[in-house]
Amino acid sequence: MNGGQFSLILLPTLACNADCDYCFENKSGCTLHLDQLPSMIHKVMDHMEVNQIEELCIYWQGGEVMTLPPEWFEQAHDIIREISAVREKRIFNYLQSNMITYSEKWNRVLSEMFGNSVGSSMDFPNLYRKLKGGYGPREYERIWTRNIMEAMNAGIHVGVIAIANEQTFDLGAEHFYSHFVDELGIRDFQINTPFPGGPVNDVKKGFPVEADRLSQFLMDLADVWMRRGFQRDVRVGPFDSLMDYFVHGNKNLLCIWRENCASDFVCIDPMGNVAQCDCWVTSYPEFRYGRIFHQGSLSDLLMKSEVRRSFQQRPGRLMQKEDCIECNYLHLCHGGCPVRTYAFYGDLFRKDPYCKLYKQLFQKIETMAMNHLRN
């Protein structure tokens, strides 16, 4: 896979307590039964043995993971630790939660299983993240803010993913940065580009957001981060990882810029469906590779999947079909994210619709890195 590490995006539930307008998932009440977990983990580790991989990174997502009780995760942790000890594999667990039902009862799980760290999501301003039951963005943000403050006061590191919207652009990069860093105390956040995955609605019809405004916002935010956060241990993605690449040569970039994501990770949902990532397994069932509980091995499932073969072929096909071969940043982007591409064009073999933005961002951060090295 990727030099000794295999990444599994695991969705233990597709239940969710939120009703966000731009969510790409088809929600359901499906939950992974704990008695199915050992079989799944053994098959993943069998695949690791075949490929001589020693480390497993499990990214626990949903649905919303905290619709399951902490006791479920305690039992899951025990199961996985016992199997990994026998199989002599190293396990690293990461959690992504909306934090709406967080309380102190989660602290032991977060500490023992997730290294006292959790990832969450919030936009500024929040227009589209909502609770079920008709509660709008303001109530969602109030509960989220209260809970992440409580978590941080308990010593838990909280990282945040944000999606910019038209009102974000109106407020400006300085205000955006100050909200997260100065007002909330968040020193680790990431800006993601939106895409219209899953069922169509009025909000998704507005994607992609106006490219020039998004680009200008990101350029401005990069300047704010360089001036106020770069040397103060504030991480703003994707600027920080790009800066690390251009300064030190460390290539630990977002999944949208992997050389080929089909070589780096898979996703498994509660029913055992295997796909490229959570976007594919929940939104586009025709792109699933198969079901892990119905196959003798994960390795055979991946090897025989025609869908996965399409993902593997995508970078080469882009070189023939698009102008990627002429791009100075092909070694960074590799054509971009396949699910963003498919959601926009209905065609896997096109380059990412945010191509122009990525080029501008790469050039911006490369220039910043050169200036930093000169100074």
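In case you missed it, the structure is sitting above this.
Sequence order as written defines residue numbering, which begins from 1 separately in each chain. Owing to the predicted nature of the model, reporting of local features is limited to residues with pLDDT of at least 70; listing and counting of side-chain atom pairs is limited to 80 or more, with chain, interface and lining totals taken over all residues. To get the side-chain values, take all heavy atoms of the structure and skip hydrogens and water.

> How would you sum up the sheet that holds strand E2 (residues 55-60)? Please name residues and give values.
One open sheet holds the six strands; their spatial order is E3-E2-E1-E8-E9-E10, and the pairing between them is mixed. Only two strands of the sheet have a single partner each, and these edge strands are strand E3 (90-95) and strand E10 (290-291). Two strands make a pair as long as DSSP finds a minimum of two bridges between them. Strands here are runs of E lasting at least two residues and helices are runs of H or I lasting at least four, both read from the DSSP assignment and numbered beginning at the N terminus. Alignment of strand E9 (residues 273-275) against E10, held across two bridges, turns out to be antiparallel. Residue pairing in the sheet places asparagine 273 in a bridge with arginine 291 of E10. Throughout, a contact is declared for two residues whenever any of their heavy atoms are within 4.5 Å. An axis is simply a line fitted to the C-alpha atoms; with a helix, the fit covers only the stretch in contact. Between two such axes, the angle follows the N-to-C directions and lies from 0 to 180 degrees. On top of the sheet, helix H1 (residues 37-50) reaches strand E1 (5-10), E2, E3 and strand E8 (265-268); it is set at about 155° to E1, its chief contact. In the packing of helix H2 (residues 70-87) onto the sheet, contacts are made with E2 and E3, and the angle to E2 comes to roughly 165°.

> How would you sum up the packing of aromatic side chains? Please name residues and give values.
Here the aromatic set is Phe, Tyr and Trp, taking the six-membered ring for Trp, and pairing holds for ring centres within 6.5 Å; pairs whose planes are under 30 degrees apart are stacked, those over 60 apart are edge-to-face, and all others are tilted. Tallied over the full model, the rule gives 31 aromatic pairs. A centroid spacing of 5.2 Å and a plane angle of 70° characterise the contact between tryptophan 72 and phenylalanine 73, whose relative ring orientation is edge-to-face. Residue class for tryptophan 72 comes out buried when judged on its relative accessible area of 8%. Any residue under 20% of the maximum accessible area for its type is buried, any over 50% is exposed, and the rest in between are partly exposed; the area is computed with a 1.4 Å probe on protein chains only. Overall, the relative accessible area of 0% leaves phenylalanine 73 in the buried class.

> I'd love a proper account of the pairing of E3, names of residues and values included.
Direction of pairing for E2 relative to E3: parallel, over a ladder of six bridges. Bridge pairing in E3 places leucine 56 opposite isoleucine 91.

Keep in mind that these numbers describe shape and distance, not what the molecule does.
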